Every structure is written in C-alpha cells, then in structure tokens.
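# Breakdown of the fold
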Amino acid sequence: MCLNISKRYDALIKQSVGNEHMLADCLYYNECYFKELSRVLEEKNLLNAFGALEFREMSNGGIKICAVASSSRIGFLYGMQNGIIGFEKDDVRNGICRPHYDNYDDKTNTFYEYKCHEFVSDRSDHNCFRYNQDGYKKLLSAHFFLEGADVDCRDLFKSFGLEPCMFFDFKQFLCHVLGILSVASYEVPANLQYVMFVPKKSILDDPANRDIADWKEKLETQIKYIFGEMGEKSVRTCNGERGLLKDFVKLKFKYQDISEIRDFIYEKL
C-alpha cells in the first residue's frame, strides 16, 4: 500500500474519535492531552512501562503515544475499559526469544497484541529474522520439529509452507508463540489475542473508502488463514509435551471499532 493510503487510514481514525485537542496540521493529540495521559499512567504505576519507548518526540513535534492511531494509547484505553490491566508484559522468555506482549489477562491466561496503523503498509522485515539467526533456527526447529535446513530466517513464511502476507508481522507472531510455549501446557493452555483497531463502521461503509474496506477484508482473510494453518502445526512445549499448536495456544483475531472505546483521558480535558 502506498504512503498516502496509510495517511488516509490515520485520518479515518481521527474522524472516528473527534478533532479537538489536536496539534495543528498533525494527527497527534496536544500537550494538554499528553499531560493528562501521563498523570493517569503515573497514577496506575505504568509510567515507566509506557514511557521508555512511547514518550519520544517525533519529527513533527508530536509525542509518539499521542498519535491518534497509536496502538499503545488505544490499547491502554481498551484494556482499562475491559478490565485487562497486565500492560507491557515482558517477563515470559524462551531462550534468546524475549517477546513483548501489549497486555495480559491472568484470569483467562490471554496474551494480547494491539495493532492500529501498523498493518497498513507492507514491510519485508516483518518476515525475517535479521539477527541471531542460528539461535532462532534452533528454537524453531526444537518447537516445530523442523530440520535446521528447513528454517529460512530470511523467508519465514516459506519455512512453514505458507503463502506470504506482507501486512502481517509474522516474525513478531512467531516470537509471541515461542514465548507462550515456554509456559503453556495441555492442562493450562494459553490464548494469543490480536486486536486490530479500525475506523468506525459508518466511515468504512462510505464508498469513498472502499479501498481501505477492501484491504481490511483481505487482511482478515489472510490472518485467519495464517492462524488456521499454524494451529495445525505439530509442536513441542518447553516442558516436553507434544501436540498441535492449537492444543497449547488458541490463536484469536478481532477488529475493534475505535469509536466504541471510551477515551476517558479526552473526556477530562
């Protein structure tokens, strides 16, 4: 997808949530919003968890987490609204693999990955491990019964016999799964839930946005295909149990209309 479609997607997100408290000519909330968001994160002991990467100032003067299409900000609002508050979970490790989960619900043993405009542009680096290739070959071989020669770290879809989807971060997905295989079992399976934040339905139904609606439908089809195929792969967990991936990790995907998420930060301004 070309860059202007990516920008249009962010603009449709903005239309879904309102135009106030924005920087001029910029799809970022202003300093007033940032101060209130920072205050709430500090109140909930989440300032350090979000601040390291998300408080960077961007080239246009906005703060990263204040982007109208920031999955971190929207994911925080979504998690709070749904009582899911294990934000920024990074203590599940599997050898060299150290995945980062956007949220975690200990009541349902569900690991969350939040996305917004990250899926709008295709990126080849979503499909390859550029570093620690030998280490990841060993991990993938050990957990998925692949021979070392069958693991192509430059073409991970090929390694698993899948049609490529360049809008989906397959490398990150594999890291999430590898991490969960270090803690999942037949007796205590886990869930990996992807939540994709999208513009409100009335906007996507507008014929002027048919191209983005078509992309959304195609993306869902491709992700369901990937999850279905991967769920049937034979795996070995870190505790030595063997079975299909779906026996240990339930793979889930949903679209979430952003207009249905209450922005209690915005309401306080």
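Fair warning: this is a prediction, and the values are worked out from it, not measured in the lab.

The next point concerns the nonpolar core. Membership of the largest hydrophobic core comes to 86 residues, with the highest contact counts inside it found for Phe76, Phe168, Phe170, Phe173 and Met230. Aside from chain neighbours lying at most four places away, what touches Met230 is Phe144, Phe160, Leu162, Phe170, Phe173, Leu174, Leu245 and Leu251.

On to the layout of surface pockets. Roughly 1,400 Å³ of volume is contained in the largest pocket. Looking at the largest pocket, it is lined by 48 residues, and the ones nearest its centre are Glu54, Lys64, Ser71, Glu118 and Arg123. Put simply, the parts of the chain that give the lining of the largest pocket at least two residues each are helix H1 (3-17), helix H3 (47-54), helix H4 (71-81), strand S2 (110-115) and helix H7 (170-180). With 5 residues, H3 is the largest single contributor of residues to the lining of the largest pocket. Taken together, the residues of the lining of the largest pocket break down into 19 nonpolar, 13 polar and 16 charged. Counted as a void, the second largest pocket has a volume near 210 Å³.

Another aspect to go through is the packing of aromatic side chains. Counted under the stated rule, the structure contains 26 aromatic pairs. Residues Phe253 and Tyr255 carry aromatic rings whose centres are separated by 5.0 Å and whose planes lie at 75° to one another, so their mutual orientation is edge-to-face. Overall, Tyr255 belongs to the buried group, its relative accessible area being 17%. Aromatic ring contacts, followed pair by pair, group Phe144, Phe157, Phe160, Phe168, Phe170, Phe173, Tyr194 and Phe227 into a single cluster. We note Lys216 situated over the ring of Tyr255; from NZ or CZ to the ring centre the distance is 4.3 Å.

Attention shifts here to the packing of helix H2 (residues 31-43) against H4. A pair of packed helices is characterised by two quantities: the angle between their axes and the separation of those axes. Contact geometry for H2 and H4: axes closest at 13 Å, N-to-C directions at 50°. Looking at the two axes, H2 sits oblique to H4. Between H2 and H4 lies a crossing whose hand is left-handed. The residues of H4 that touch H2, namely those facing Tyr33, Leu37, Val40 and Leu41, are Arg73, Phe76 and Leu77. Looking at the contact of H2 with H4, its residues break down into 6 nonpolar, no polar and 1 charged.

The phi angle at Glu88 is positive, at roughly 55°, despite the residue not being glycine. Within the secondary structure, Glu88 is located in the loop between H4 and strand S1 (103-105). Classification of Glu88 as buried rests on a relative accessible area of 15%. Even without being glycine, Asn132 reaches a positive phi, approximately 55°. Considering the arrangement of structural elements, one finds Asn132 in the loop between S2 and helix H5 (133-144).

Before going further, it helps to spend a moment on the packing of H5 against H7. One can describe the packing of H5 onto H7 by two numbers: an axis separation of 11 Å at closest approach and a directional angle of 60°. Taken as axis vectors, H5 and H7 run oblique relative to one another. Judged by the sense of rotation from one axis to the other, the crossing of H5 with H7 is left-handed. Counted together, Tyr136, Leu139, Leu140, His143 and Phe144 of H5 and Leu174, Cys175, Val177 and Leu178 of H7 form the full contact between these two elements. Its residues assigned to classes, the contact of H5 with H7 comprises 8 nonpolar, 1 polar and no charged.

Definitions and limits used
- Residues numbered from 1 in each chain as written.
- Predicted model: local features only at pLDDT ≥ 70, side-chain atom pairs only at ≥ 80, totals over all residues.
- Heavy atoms only, no water.
- Core = buried A, V, L, I, M, F, W, Y, C linked by side-chain atoms within 4.5 Å.
- Buried < 20%, exposed > 50% of the residue type's maximum accessible area, 1.4 Å probe, protein only.
- Contact = heavy atoms within 4.5 Å.
- 1 Å grid on protein atoms, 1.4 Å probe; cavity = no way out; pocket = protein on both sides within 12 Å on 5 of 7 lines; lining within 4 Å.
- Points joined across faces, edges and corners; volume = space filled by probe spheres on them.
- Helix = DSSP H or I, 4+ residues; strand = E, 2+ residues; numbered from the N terminus.
- Nonpolar A, V, L, I, M, F, W, Y, C, P; charged D, E, K, R; others polar.
- Phe/Tyr/Trp six-rings, centres within 6.5 Å; stacked < 30°, edge-to-face > 60°.
- Lys NZ or Arg CZ within 6 Å of the ring centre and 35° of its normal.
- Axes fitted to C-alpha atoms, helices over the stretch in contact; angles between N-to-C directions.
- Parallel < 35°, antiparallel > 145°, perpendicular 65-115°, else oblique.
- Left-handed = near helix turned anticlockwise from the far one by under 90°.

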